[in-house]
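Descriptive analysis of the structure
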Amino acid sequence: MKPRGSNEALFWLIFSGGGVVSAMLIPSLIASTILGGFGIEEAQVAFSYDRIYSLLSNWIVRIVVLAVIGASLMHAAHRIRHTIHDTRIPIPDPIAATLCYLSALGASGLAALLLAGL
Amino acid sequence: MTDPEKRRPSHNLHSNWWLNHTRYRQRDTRPRPDLGATWWLRGSSYFFVFIRELTSVFIALYLILFIGLIAALYIGAEAYNDYMELLWSPPLTVIQVFTLLFALFHTVTWFNLTPKAVRILKGESPISPLFLITPLYIVWLGVSSIVLWMIFS
């Protein structure tokens, strides 16, 4: 038999880190982008192009935003992989795992390129 | 499966004396019945676990929307304004409201689970879970205030 759990510890570390990051930061992030949808003018002004551009021109903000995106996506990928298995969606685990983690890495890479090019 | 010959006699399920005279129960390693694809409909605790796992789908979708926002910002002011109009349109606002509810569910379940994953001992016995959960909520409120202050001030 193949030794089990050889890379599981690494994935679990990323998973739990991502869980903490998304628990801490995702609700306030969603709350901030929602308010404009209720027609609150102050929120729409806060999200004007110039304001968000200048906010993201700070390198520390960029790195934090990228860390939130990357860690949260890896966390979600890990959970989606297990949900695929638990709900008996007929995708073999190696394929589901590869698809989940690679798309999370790909989307994070795209975010990194966009943020670096701002 | 472990070879029954290699099991210590006292750990054997069939040693009734041992089972009847100690509080120790051997972990049942027999294969469990497969609950099938609809296990999450078998009661509220199963359902909440399923919803907890499902929060990740909503968070992932929201993050894709958020990467879209950064992409629009990258393209230029006109694309950004169009994108924000889309993001604040009624359908996407409704989706964001649901996503916020799911994200809050993730936060609460994650914080409440932390003491089960992180065991801090004080002397011999584990500390009260509240000593771990309460600081998490306090840090969460602080971090959320900083994020909202940075965006809206």
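Computed from a predicted model, the values in this text were never measured in an experiment.

Thresholds, definitions, all that
- Note that residues are indexed from 1 along each chain, following the sequence as it is written.
- Going through the entries in the order they are written, you letter the chains from A and number the ligands from 1.
- Thresholds applied to this predicted model are a pLDDT of at least 70 for local features of residues and 80 or more for the giving and counting of side-chain atom pairs; totals over whole chains, interfaces and linings are not thresholded and use all residues.
- Working from all heavy atoms in the structure, the side-chain values ignore hydrogens and water.
- Secondary structure elements follow DSSP: runs of H or I no shorter than four residues count as helices, runs of E no shorter than two count as strands, and numbering proceeds from the N terminus.
- We call two residues in contact when some of their heavy atoms are within 4.5 Å.
- What counts as buried area is the accessible surface, traced by a 1.4 Å probe, that two parts surrender upon association, with contributions from both included.
- For this document, the term salt bridge refers to a Lys or Arg side-chain nitrogen within 4 Å of an Asp or Glu carboxyl oxygen.
- We define a polar contact as two N or O atoms separated by no more than 3.5 Å, with the added condition that, inside protein, one atom must be a possible hydrogen donor and the other a possible acceptor, whereas residues neighbouring each other in sequence contribute only through side-chain atom pairs.
- Classes in brief: Ala, Val, Leu, Ile, Met, Phe, Trp, Tyr, Cys and Pro nonpolar; Asp, Glu, Lys and Arg charged; the others, Gly included, polar.

1. A few points about unusual backbone geometry
- Of note in the backbone geometry, Arg88 of chain A takes a positive phi value of approximately 60° without being a glycine.
- With respect to the element layout, Arg88 of chain A can be found in the loop between helix 4 (59-86) and helix 5 (93-117).

2. As for the interface of chain A and chain B
- Counting from both sides, the interface comprises 53 residues of chain A and, opposite them, 53 residues of chain B.
- When the two sides are added together, the surface that chain A and chain B hide from each other amounts to roughly 4700 Å², 77% of it contributed by carbon and sulfur.
- Along the contact surface separating chain A from chain B lie 1 salt bridge.
- The partner of Glu53 of chain B in a salt bridge is Arg79 of chain A, with the nearest N and O atoms 3.5 Å apart.
- Here chain A is connected to chain B by 16 residue pairs in polar contact (both at pLDDT 80 or more).
- Secondary structure elements with two or more residues in the side of chain A that touches chain B: helix 1 (8-34), helix 2 (41-46), helix 3 (49-56), helix 4 and helix 5 of chain A.
- No other element matches helix 1 of chain A, which puts 18 residues into the side of chain A that touches chain B.
- Each residue belonging to the side of chain A that touches chain B can be placed in one class, and the counts come to 34 nonpolar, 15 polar and 4 charged.

In short, geometric facts, not functional conclusions.
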